[in-house]
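Observations on chain architecture
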Amino acid sequence: MNAQPSMVSKKAPRKVFFAANHPIYGWLFALPWLIGLTVFYIYPLCSSIVYSFTSFNGIVAGRFVGGRNYADLMADETFWIAVKNTFVFAAMAVPASLIFGILVAVLLNAKIRGRGVYRVIALIPTLVPVVAVSIIWQWLLNSQFGLVNYLLYRVGLPGPPWFGSELWAKPSILLIVIWTIGANILTYLAGLQDIPESYYEAAAIDGAGARHKFFRITLPLLSPIILYNTIMGIIGALQQFTLAFVITNGQGTPANSMMFYAMYLYKNAFTYFKMGTANAMAWMMFVVVMALTVFVFTVSKKWVHYMGE
Amino acid sequence: MLRKYHLSVQLSLILVSLFFVIPFYFMVCTSFKTQAECYVYPITWLPEHFNLRGYRDIFGMIPFGRYFLNTSYITVLNVIGVVCCCPLAAYSFARLKWRGRDPLFFVTLAVMMIPYQVIMVPIFMIFSKLKLVGTFWPLIIPQYFGVPFYIFLLRQFFKGLPKDLEDSARIDGCSEFRIFLKIYLPICKPAVLTIMIFQMLSSWNDFNGPLIYLQRSEMYTLQLGLQQFKTAHLTYWPPMMAAAVLISLPIILVFFIAQKRFIEGITFTGIKG
């Protein structure tokens, strides 16, 4: 009789608490995130598609309108301007960042005095918050007293009106995007440092020149990083928002030339309170981003080389 | 031949560096100029006298101190939130065995692909129903429920650690939570520091979130507050540049303190903030 209670008390904790390695701990540890995953990702994803078929305005529950939001967008001139702007911008920004990023990274990888300093310098613009970046460049690209046009004037070139014209607005944004490319450069640099020196030495023995080394060794071995940066670049360019929004005070001026897709989506949602339309736009964007990613991945099999293959 | 090559690389690097540095230099330089000096032609490369008026004027034009506190408050709470949730989830995905773990990790990776615009309105509606729009909470709460990207990053680190540690700890009767907290988390300090820096950057720089959720101007963050120079005070360049310097300063400080970690983090992920 006396032995009994002590045995119970010994066993009791094992029954109350789960044994070490019990699957319950996995669930418990992941629980906050599983809630977050559901509430902030899965549920919004699903409800966004539902909203896109309603006339929801943010206050009064919308009714089901079928594909009207989509049809309205197809007939909306500004929508198509935004689509065109965004694709034109992406078509400029993705290759430009790719080429400039790789070139600068190759330069920074050269064994040269002071390269540590050059590397930090390339990173500095990345540290400046976007709003500050836009302030700086609005002065630099000011057509009357900005530095860029002053320098162009000094070398005898006419300065373009930059943000002031439809033609030059997107190149202006592109210039800013290229200025803040430091993080991108760093990824290429990391890739370059992984390429064994012996590859270049072997190529040199075979009589390969600098150009040959770059196209036959450097680029192929850098291709996984190029793929990664291409996909991130496409996604980023299609979502271009803050720079254009800050610089144009949310107007997308001049003549809608800086009205990007994400900005028009924002305006539909929070300026015109057409939440249904905004979500229709969001879903179309999602589909395009997915399709482009899949496309780039599929095509990449032809040009991406992984080391050791 | 080799010397010529070196010379051309050196020259190109100097040119590229000028492109990166000059805009930054002019931000700092213009912040010390007077308003009149900003319109002087030809452009002056140094302010005539170092003039601190731009810095003083910011505080009169916008409630800069207020915005600074708001931004810091959100940033600090976000960084804490990220540390509370992400390592736990990452540890669970990396080292604990439970049914559904791998599919759920796959879903975690997949949701990183969702553009922010897709989930923006529904999340806004959630906070709107909770009557939290116009408060700081929508900018803080989500971080306490995990960021998929950080979870993925930390999982990679946890995955690479030896199993012997946990086995011996279990034999000694350590609880699962203690094993995580006392053994694995300390080893992962560098990785946790990296995600803290990332979150700090992205909270400090966030423009979209405050734009959607903060409605009264005394609650604005720095990124939103700086917008105010542009409507009413479009032409006052020195204070605008001074403000730009001041909001960049904390990040530059963090960069120089955590330089190595910061660079490792970027190379690993390739993202800005």
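Where an unreviewed UniProt entry is consulted, chain B appears under the name Carbohydrate ABC transporter membrane protein 2 (CUT1 family), with the organism given as Hydrogenispora ethanolica. Word for word, the UniProt comment on chain B under Subcellular location (unreviewed entry) is "Cell membrane". As recorded by UniProt, the Sequence similarities (unreviewed entry) comment attached to chain B reads in full: "Belongs to the binding-protein-dependent transport system permease family."

Under an unreviewed UniProt entry, the name given to chain A is Carbohydrate ABC transporter membrane protein 1 (CUT1 family), and the source organism is Hydrogenispora ethanolica. On record in UniProt, under Subcellular location (unreviewed entry), the comment for chain A is "Cell membrane". In UniProt, chain A has this text filed under Sequence similarities (unreviewed entry): "Belongs to the binding-protein-dependent transport system permease family."

What follows is about the overall build of chain B. The secondary structure content of chain B amounts to 15 helices and 0 strands. Scaling as 2.2 N^0.38, a compact globule of 273 residues should have a C-alpha radius of gyration of about 19 Å, whereas chain B reaches 24 Å, well beyond that. Along the three orthogonal principal directions, the C-alpha set of chain B runs to about 75 × 70 × 35 Å. For chain B, buried positions account for 54% of its 273 residues. Put simply, of all contacts in chain B between residues at least 6 apart along the chain, 71% involve residues at least 24 apart. Surface summary for chain B: the accessible area is close to 12,600 Å², and the carbon and sulfur share equals 69%. Between the averaged position of the 24 positive side-chain charges in chain B and that of its 12 negative side-chain charges there is a distance of 3 Å.

Within the UniProt annotation, "domain: ABC transmembrane type-1" (unreviewed entry) is assigned to residues 83-296 of chain A. A distance of 20 Å separates the end C-alpha atoms of residues 83-296 of chain A, which is 76% helix and 0% strand.

Once that is clear, we can look at the nonpolar core. With 199 residues, the main nonpolar core has Trp33(A), Phe20(B) and Phe158(B) as its most contacted residues. Setting aside residues up to four positions removed in sequence, Trp33(A) forms contacts with Tyr41(A), Cys85(B), Ala89(B), Phe93(B), Thr108(B), Val111(B), Phe145(B), Gly146(B), Val147(B), Pro148(B) and Ile151(B).

What follows concerns the UniProt feature "transmembrane region" (unreviewed entry) in chain B. All names here are of chain B. In the numbering adopted here, UniProt assigns the feature "transmembrane region" (unreviewed entry) to residues 7-26, 73-93, 105-127, 139-158, 179-201 and 236-258. Taken end to end, residues 139-158 comprises 65% helix and 0% strand; its first and last C-alpha atoms sit 28 Å apart. For residues 236-258, helix accounts for 91% and strand for 0%, while the C-alpha atoms at its two ends are 34 Å apart.

All names here are of chain A. Following the UniProt record, the feature "transmembrane region" (unreviewed entry) maps to residues 24-42, 86-108, 120-140, 172-191, 221-247 and 280-299 here. Helix makes up 90% of residues 120-140 and strand makes up 0%, while its end C-alpha atoms are separated by 22 Å. What you have in residues 172-191 is 90% helix and 0% strand, and the ends, taken at the C-alpha atoms, are 30 Å apart.

Turning next to unusual backbone geometry. Glycine aside, the phi torsion of most residues is negative, and most peptide linkages are trans. The omega angle of the peptide bond from Thr253(A) to Pro254(A) is -5°, so this bond is cis rather than trans. Residue placement: Pro254(A) occurs in the loop between helix H12 (242-247) and helix H13 (261-270). Unusually for a residue other than glycine, Ala255(A) sits at a positive phi of about 45°. In this fold, Ala255(A) is placed in the loop between H12 and H13. Judged by relative accessible area, Ala255(A) falls into the exposed class, the value being 54%. The phi dihedral of Lys131(B) is positive, around 60°, even though this residue is not glycine. With respect to the helices, strands and loops of the structure, Lys131(B) is situated in the loop between helix H5 (116-129) and helix H6 (137-140).

Our focus in this paragraph is the packing of aromatic side chains. For the structure on display, the rule yields 48 aromatic pairs over all chains. Between Phe241(A) and Phe245(A), the aromatic rings sit 5.1 Å apart at their centres with planes inclined by 25°, giving stacked as the arrangement. Like Phe245(A), Phe241(A) is buried. Aromatic rings pair up to connect Phe40(A), Phe241(A), Phe245(A), Tyr266(A), Phe270(A), Phe124(B), Phe127(B), Phe145(B), Phe207(B) and Tyr213(B) into one cluster. A cation over a ring is seen here: Arg155(B) above Phe105(B), with NZ or CZ 3.9 Å from the ring centre.

Together, Leu151(A), Tyr25(B), Trp45(B), Leu46(B) and Phe50(B) make up a nonpolar patch on the protein surface, roughly 520 Å² of accessible area in all. Among the residues examined, Leu151(A) registers a relative accessible area of 38% and is labelled partly exposed.

Rules used in this analysis
Residues numbered from 1 in each chain as written. Chains lettered and ligands numbered in written order. Predicted model: local features only at pLDDT ≥ 70, side-chain atom pairs only at ≥ 80, totals over all residues. Heavy atoms only, no water. UniProt positions renumbered as here; feature names shortened; annotations may be inferred. Helix = DSSP H or I, 4+ residues; strand = E, 2+ residues; numbered from the N terminus. Rg over C-alpha atoms; globule rule 2.2 N^0.38 Å. Buried < 20%, exposed > 50% of the residue type's maximum accessible area, 1.4 Å probe, protein only. Contact = heavy atoms within 4.5 Å. Areas by Shrake-Rupley, 256 points an atom, 1.4 Å probe, with all protein chains shown as cover. Lys, Arg positive; Asp, Glu negative; His and termini not counted. Charge placed at Lys NZ, Arg CZ, Asp CG, Glu CD. Core = buried A, V, L, I, M, F, W, Y, C linked by side-chain atoms within 4.5 Å. Phe/Tyr/Trp six-rings, centres within 6.5 Å; stacked < 30°, edge-to-face > 60°. Lys NZ or Arg CZ within 6 Å of the ring centre and 35° of its normal. Patch = residues over 30% accessible without salt bridge, like charges linked within 9 Å, V, L, I, M, F, W, Y side chains within 5 Å. Salt bridge = Lys/Arg side-chain N within 4 Å of Asp/Glu carboxyl O.

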